[in-house]
Structure formats: structure tokens, C-alpha cells
Amino acid sequence: MNEMFFYCQDCNGKINLDQLALLDQGKCPICGSNYGFSSSPKGEHDQFEGAVVLNDTDFLQ
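Computed from a predicted structure; not experimentally measured. (Residues numbered from 1 in each chain as written. Predicted model: local features only at pLDDT ≥ 70, side-chain atom pairs only at ≥ 80, totals over all residues. Heavy atoms only, no water.)

(A) Representation of the side chain of serine 33 within the structure. Position of serine 33 relative to the elements: it lies in the loop between α1 (17–21) and β3 (37–38). On the basis of relative accessibility, which here comes to 11%, the residue serine 33 falls in the buried class. Excluding its chain neighbours within four sequence positions, the residues that come into contact with serine 33 are Cys8, Asp10, Gly26, Lys27 and Cys28. (Helix = DSSP H or I, 4+ residues; strand = E, 2+ residues; numbered from the N terminus. Buried < 20%, exposed > 50% of the residue type's maximum accessible area, 1.4 Å probe, protein only. Contact = heavy atoms within 4.5 Å.)

(B) Main features of the packing of aromatic side chains. All told, the structure shown has zero aromatic pairs when counted by the stated rule. A cation over an aromatic ring shows up here: lysine 14 above the ring of phenylalanine 5, its NZ or CZ 4.4 Å from the ring centre. (Phe/Tyr/Trp six-rings, centres within 6.5 Å; stacked < 30°, edge-to-face > 60°. Lys NZ or Arg CZ within 6 Å of the ring centre and 35° of its normal.)

Below, the structure is given as C-alpha cells:
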């Protein structure tokens, strides 16, 4: 069975599933950030890179 890895979305540090389960308040054990983890390395498939954020006033005009 292949081991699954997760990547910090701040520092791109790699941890396994056992390490993910033991995180202290969800913080990366490498850099201490709380940005979260993904099964894809940071920037590999960044589908939100060109996203535009809209707010209520954009729709009212």
C-alpha cells in the first residue's frame, strides 16, 4: 500500500497521515503555520491563482 502524504500550503513541507493526525491545533510541524494541508504540493494545481473575489456591491451596481 502506498503511503499518503500531505503538503503544507505555506511552506510546502511534506508529512504523512500519522503526522497529520497528531498535529497540535492543525499547525504545520515544520513552519508552524495554520494555512492547512493538501494532498497536492503547493502550486502544482493552483486553480485559484487567477481567481477574482467579488463582494455584494459588485452585484448591486
